[in-house]
Amino acid sequence: MGITQLLFWLLTTLTLGSALMVIFSKNPVYSILWLIITFFAISGHYVLLNAQFLAIVNIIVYAGAIMVLFLFVVMLMNLNMPSSPLKNKWLMFAGVISGGSLLLVLVAALKDTEAMRNGILMQTGDIGLIHNLGKVLFKDYILPFEISSVLFLSAMIGAVVIGKKA
Amino acid sequence: MTINHYIFLSVALFCIGIIGVLTRRNMIVIFMCVELMLNAVNLLLVAFSKMHFLSASAFDAASKAGTDAQLFVFFVMVVAAAEVSVGLAIIVMMYRNTHSVDVNFLNRLKH
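About the criteria used
Residues numbered from 1 in each chain as written. Chains lettered and ligands numbered in written order. Predicted model: local features only at pLDDT ≥ 70, side-chain atom pairs only at ≥ 80, totals over all residues. Heavy atoms only, no water. Helix = DSSP H or I, 4+ residues; strand = E, 2+ residues; numbered from the N terminus. Rg over C-alpha atoms; globule rule 2.2 N^0.38 Å. Buried < 20%, exposed > 50% of the residue type's maximum accessible area, 1.4 Å probe, protein only. Contact = heavy atoms within 4.5 Å. Buried area = accessible area lost by both parts, 1.4 Å probe. Salt bridge = Lys/Arg side-chain N within 4 Å of Asp/Glu carboxyl O. Polar contact = N/O pair within 3.5 Å; in protein donor to acceptor, adjacent residues only side chain to side chain. Core = buried A, V, L, I, M, F, W, Y, C linked by side-chain atoms within 4.5 Å. Domains from an automatic or database assignment. Disulfide = S-S within 2.5 Å.

Draft legend 1. Representation of the overall build of chain B within the structure. Each helix and strand in chain B was counted, giving three helices and zero strands. Element order for chain B, N to C, with α for helix and β for strand: α-α-α. Taking 13 Å as the expected radius of gyration for a compact globule of 111 residues, we find that chain B reaches 19 Å, considerably beyond that expectation. Principal-axis analysis of the C-alpha atoms gives chain B an extent of 65 × 25 × 20 Å. Taking all 111 residues of chain B together, 61% fall into the buried category.

Below you can see the structure in the form of structure tokens.
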């Protein structure tokens with residue numbers, strides 16, 4: 001068991017454990033903090049796959065910007081009271097059962113397929129580096145890149161219009 | 001590591017997100033579970049891009065196969081950032097109207 005396998009299982013445990021803590025924490029602030037840990041673990045997975053640009057973008061955009069936005073909303077509006085327990089226990093039970101059934105069906109459908117034995121190139125390969133991605137992004141994908149700036153502008157205007165006092 | 005490790009990790013992460021959406025009634029936690037599902041898909045896309053790159057580089061050492069998938073993940077992150085800003089504005093507006101972030105208060109179309 002090499003260092004790569006060890007790191008993979010460590011990061012997998014961290015990812016799934018903190019993702020479970022996100023949905024089982026009573027306090028929304030704790031949920032946000034566990035979600036930040038999940039995002040850092042996923043960034044670790046990206047580094048393990050040598051997708052270093054995406055690892056950095058994941059930390060900056062998700063753990064940096066989006067989670068701070070969530071924390072601002074929760075703390076500024078004083079929403080961090082523990083949520084009242086669900087009235088209907090059967091509804092919660094049904095949610096867990098249906099999510100678990102989906103997991104069961106997907107795993108059962110995928111576990112014997114032929115392509116599952118394909119290897120993944122870990123730690124090497126330069127397609128995830130910013131040198132390669134930047135050349136493709138600004139050559140082949142320049143139109144979606146520019147359109148996404150229009151998307152950001154419209155999202156910013158939308159957030160201001162929705163958020164201002166009516 | 002083979003691809004099935006990453007497939008099962010992503011499936012588990014996605015199902016955790018679905019269970020969170022179905023069981024929690026706090027709107028912010030539901031929104032965070034949607035982000036969790038987006039990240040599961042992103043992780044799977046990156047794993048498949050490395051799988052594709054490995055099989056393509058066996059024939060051509062200078063192959064750039066798999067670059068498109070990583071750029072797709074980048075655009076998913078771009079759209080997610082825009083989505084979060086608008087979604088949180090909607091949550092703030094809803095809190096102003098109902099003084100709660102419980103989705104059970106939204107079970108009627110007008111109040």
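Draft legend 2. Here's a closer look at the interface of chain A and chain B. Each side of the interface is counted separately: chain A has 84 residues, and chain B has 68 residues. Interface of chain A and chain B: buried area, both sides summed, is about 7,000 Å²; carbon and sulfur atoms make up 79% of it. Counting every contact that joins chain A to chain B gives zero salt bridges. Applying the counting rule to chain A against chain B returns six residue pairs in polar contact (both at pLDDT 80 or more).

Draft legend 3. Highlighting the nonpolar core. Counting residues in each nonpolar core, the largest one holds 69 residues, and the members touching the most others are Ile32(A), Tyr46(A), Leu54(A), Met67(A) and Phe70(A). Breaking this core down by element, the ones donating at least two residues are helix H1 (3-24), helix H2 (28-48), helix H3 (52-76) and helix H5 (130-139) of chain A together with helix H1 (3-23), helix H2 (27-57) and helix H3 (67-98) of chain B. Broken down by element, the residue count for this core peaks at 14 residues, all from H3(B). Counting contributing residues per domain, this core is built from domain 1 (1-82 + 111-125) and domain 2 (129-166) of chain A, each supplying no fewer than three.

Draft legend 4. Here's a closer look at unusual backbone geometry. Unlike most non-glycine residues, Asn50(A) shows phi in positive territory, near 60 degrees. Checked against the element boundaries, Asn50(A) lands in the loop between H2 and H3.

Draft legend 5. Expanded view of the state of the cysteines. In total, this model carries zero disulfides over all chains according to the counting rule given. For Cys15(B), which is in no disulfide, the shortest distance to another cysteine sulfur is to Cys33(B) and amounts to 12 Å.

Draft legend 6. Looking closely at the pattern of salt bridges. Residues and elements named next belong to chain A. Tallying each qualifying case throughout the model produces one salt bridge over all chains. For aspartate 112, the salt bridge is made with lysine 111, and the minimal N-O distance between the two is 3.2 Å. Owing to a relative accessible area of 63%, aspartate 112 belongs among the exposed residues under this scheme.

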